[in-house]
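# Geometric and topological summary
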Amino acid sequence: MKYVTSLMINEFKMKDIDFLGYKFDRSNASFHHLIIPNRLGGAETIENGAVLNGFTSHPYLHLIEVKDQ
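Now for a look at the structure at hand.

With that settled, the discussion passes to the side chain of H33. Within the secondary structure, H33 sits in strand 1 (residues 29-33). In this structure H33 comes out as buried when scored by relative accessible area, which is 12%. Reaching out from H33, the side chain makes a polar contact with the backbone oxygen of G42 at a distance of 3.4 Å.

Okay, here's the thing in C-alpha coordinates:
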(Lines give C-alpha, C1' and ligand atoms only; values in the text may rest on other atoms or scores of the structure.)
Protein backbone atom coordinates (compact mmCIF):
# COMPACT_ATOMS: atom_id res chain seq x y z
CA MET A 1 0.00 0.00 0.00
CA LYS A 2 1.32 3.42 -0.89
CA TYR A 3 2.11 5.99 1.77
CA VAL A 4 -0.68 8.47 0.93
CA THR A 5 -3.34 5.72 0.94
CA SER A 6 -2.18 4.55 4.36
CA LEU A 7 -2.07 8.16 5.57
CA MET A 8 -5.65 8.78 4.41
CA ILE A 9 -6.92 5.59 6.09
CA ASN A 10 -5.38 6.73 9.36
CA GLU A 11 -6.32 10.41 9.01
CA PHE A 12 -9.98 9.67 8.24
CA LYS A 13 -10.11 6.80 10.76
CA MET A 14 -11.40 4.40 8.12
CA LYS A 15 -12.36 1.04 9.61
CA ASP A 16 -14.57 -0.98 7.30
CA ILE A 17 -16.08 1.26 4.57
CA ASP A 18 -14.44 3.23 1.77
CA PHE A 19 -15.28 6.68 0.39
CA LEU A 20 -18.15 5.25 -1.69
CA GLY A 21 -19.60 3.26 1.20
CA TYR A 22 -18.33 -0.14 0.08
CA LYS A 23 -16.87 -2.63 2.53
CA PHE A 24 -13.06 -2.79 2.52
CA ASP A 25 -10.04 -3.43 4.67
CA ARG A 26 -6.43 -2.34 4.41
CA SER A 27 -5.50 -5.35 2.28
CA ASN A 28 -7.73 -4.28 -0.62
CA ALA A 29 -7.56 -0.48 -0.31
CA SER A 30 -6.61 1.49 -3.43
CA PHE A 31 -6.15 5.16 -4.34
CA HIS A 32 -8.42 6.79 -6.94
CA HIS A 33 -7.43 10.11 -8.54
CA LEU A 34 -10.47 12.41 -8.34
CA ILE A 35 -9.67 15.83 -9.80
CA ILE A 36 -6.69 15.33 -12.11
CA PRO A 37 -6.50 11.74 -13.37
CA ASN A 38 -3.36 9.66 -13.23
CA ARG A 39 -3.19 9.55 -17.06
CA LEU A 40 -2.82 13.37 -17.06
CA GLY A 41 -0.11 13.36 -14.41
CA GLY A 42 -2.37 13.91 -11.42
CA ALA A 43 -0.60 13.89 -8.10
CA GLU A 44 -1.27 11.20 -5.53
CA THR A 45 -2.27 13.56 -2.73
CA ILE A 46 -5.05 13.73 -0.16
CA GLU A 47 -6.63 16.63 -2.07
CA ASN A 48 -6.72 14.68 -5.34
CA GLY A 49 -7.86 11.28 -4.17
CA ALA A 50 -10.16 8.85 -2.48
CA VAL A 51 -9.52 5.52 -0.80
CA LEU A 52 -11.64 2.81 -2.43
CA ASN A 53 -12.05 -0.95 -2.36
CA GLY A 54 -9.72 -2.22 -5.08
CA PHE A 55 -12.03 -5.11 -5.97
CA THR A 56 -15.47 -3.47 -6.03
CA SER A 57 -15.93 0.29 -5.76
CA HIS A 58 -12.73 1.30 -7.60
CA PRO A 59 -13.52 -0.68 -10.80
CA TYR A 60 -17.17 0.39 -10.51
CA LEU A 61 -16.22 4.08 -10.35
CA HIS A 62 -14.12 3.67 -13.49
CA LEU A 63 -17.15 2.17 -15.27
CA ILE A 64 -19.27 5.13 -14.21
CA GLU A 65 -16.63 7.61 -15.42
CA VAL A 66 -16.73 6.10 -18.92
CA LYS A 67 -20.39 7.11 -19.19
CA ASP A 68 -20.47 10.24 -17.03
CA GLN A 69 -17.39 12.35 -16.31
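This part takes up helix 1 (residues 3-11). For helix 1, every residue scored as buried is listed here: V4, T5, M8 and I9. The buried residues of helix 1 all sit within an arc of 140° when viewed along its axis, so they share a single face. Summarising the geometry of helix 1, the exposed residues directed more than 90 degrees from the buried face are Y3 and E11. Backbone geometry just downstream of helix 1 places K13 in the positive-phi region, at approximately 50°.

One can expect most non-glycine residues to show negative phi and most peptide bonds to be in trans. Located in the positive-phi region is K13, a residue other than glycine, with phi close to 50°. Topologically, K13 is positioned in the loop between helix 1 and strand 1. The exposure class of K13 is exposed, given its relative accessible area of 65%.

This part is about the packing of aromatic side chains. The final tally for this structure, using the stated rule, is 2 aromatic pairs. Ring geometry for F12 and F19: centres 5.6 Å apart, planes at 90°, overall edge-to-face. A ring pair is formed by Y22 and Y60, whose centres lie 6.4 Å apart and whose planes are at 45°; its orientation type is tilted. In this pair, Y22 sits in the loop between helix 1 and strand 1 while Y60 sits in helix 2 (residues 57-67), placing the two residues 38 residues apart along the sequence. Under the relative-accessibility criterion, Y22 is labelled partly exposed at 30%. According to the relative accessible area criterion, Y60 is partly exposed, its value standing at 42%.

Attention now goes to the pattern of salt bridges. Going through the model one piece at a time under the given rule, you end up with 1 salt bridge. Of the charged contacts, one joins K2 and E44 as a salt bridge, the two residues approaching to 3.7 Å between their closest N and O atoms. Of the two residues, K2 sits in the segment before helix 1 while E44 sits in the loop between strand 1 and strand 2 (49-53), which places them 42 residues apart along the sequence. When its relative accessible area of 54% is taken as the criterion, K2 is described as exposed.

Cut-offs and rules
Residues numbered from 1 in each chain as written. Predicted model: local features only at pLDDT ≥ 70, side-chain atom pairs only at ≥ 80, totals over all residues. Heavy atoms only, no water. Helix = DSSP H or I, 4+ residues; strand = E, 2+ residues; numbered from the N terminus. Buried < 20%, exposed > 50% of the residue type's maximum accessible area, 1.4 Å probe, protein only. Polar contact = N/O pair within 3.5 Å; in protein donor to acceptor, adjacent residues only side chain to side chain. Arc of directions from axis to C-beta. Phe/Tyr/Trp six-rings, centres within 6.5 Å; stacked < 30°, edge-to-face > 60°. Salt bridge = Lys/Arg side-chain N within 4 Å of Asp/Glu carboxyl O.

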